[in-house]
Amino acid sequence: MPSPTVEELLANVHGLTPERAEQIGDRIDACRRLLDAGADMDSVQQHLKDEGVGILYAILITTRLLGDHPSRLRAAREIVECSPARMHNAG
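Residues numbered from 1 in each chain as written. Predicted model: local features only at pLDDT ≥ 70, side-chain atom pairs only at ≥ 80, totals over all residues. Heavy atoms only, no water.

Some details on the packing of helix α2 (residues 18-36) against helix α4 (residues 55-65)
- Running from N to C, α2 and α4 cross one another at 55 degrees; their axes reach a closest spacing of 10 Å. Comparing the axis directions of α2 and α4 gives the class oblique. Of the two elements, α2 crosses α4, and the hand of that crossing is right-handed. Judged by residue contacts, Arg-20, Ile-24, Arg-27, Ile-28, Cys-31, Arg-32 and Leu-35 of α2 engage Tyr-57, Leu-60, Ile-61, Arg-64 and Leu-65 from α4.
- For the contact of α2 with α4, the residue count by class is eight nonpolar, no polar and four charged. (Axes fitted to C-alpha atoms, helices over the stretch in contact; angles between N-to-C directions. Helix = DSSP H or I, 4+ residues; strand = E, 2+ residues; numbered from the N terminus. Parallel < 35°, antiparallel > 145°, perpendicular 65-115°, else oblique. Left-handed = near helix turned anticlockwise from the far one by under 90°. Contact = heavy atoms within 4.5 Å. Nonpolar A, V, L, I, M, F, W, Y, C, P; charged D, E, K, R; others polar.)

Pasting the structure below:
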């Protein structure tokens, strides 16, 4: 039986397969554990990048980590795009 996270993803994110929703749900749960253990959001973003998670899925995952934030999509996008893990080094 899918977890509540997977069920929410399948109900609210158009086009996800059950398998992909489960993978994303597992990553959300892993990131929540990192945050609960005291990691900051930059560390979570580095973890997602190290796991090969692309920017769009990182934004999706981050929106779920932000919970009821009033503008969570905008906030998640800013967190992901501005994280040191996603910044390109110049030179």
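On we go.
Thoughts on the pattern of salt bridges
- This structure, assessed with the given rule, holds three salt bridges.
- Close ionic contact of Asp-29 with Arg-32 constitutes a salt bridge, the shortest N to O distance being 3.8 Å. Separated by three residues within a single helix, Asp-29 and Arg-32 lie in helix α2, roughly one turn from each other.
- Residue classification places Asp-29 among the partly exposed positions, given a relative accessible area of 26%.
- We note a salt bridge from Glu-81 to Arg-77, for which the minimum N-O separation is 2.9 Å. Placement of the pair is Glu-81 and Arg-77 together in helix α5 (residues 72-82), with a separation of four residues, close to one helical turn. (Salt bridge = Lys/Arg side-chain N within 4 Å of Asp/Glu carboxyl O. Buried < 20%, exposed > 50% of the residue type's maximum accessible area, 1.4 Å probe, protein only.)

Observations regarding the packing of α4 against α5
- Packing of α4 against α5 leaves a shortest axis separation of 8 Å and a crossing angle of 130 degrees. The angle between α4 and α5 places the two elements in the oblique class. As for the relative orientation of α4 and α5, their crossing is right-handed in sense. Where α4 abuts α5, its residues Ile-55, Ala-58, Ile-59, Thr-62, Thr-63 and Arg-64 lie against Arg-72, Leu-73, Ala-76, Arg-77, Ile-79 and Val-80.

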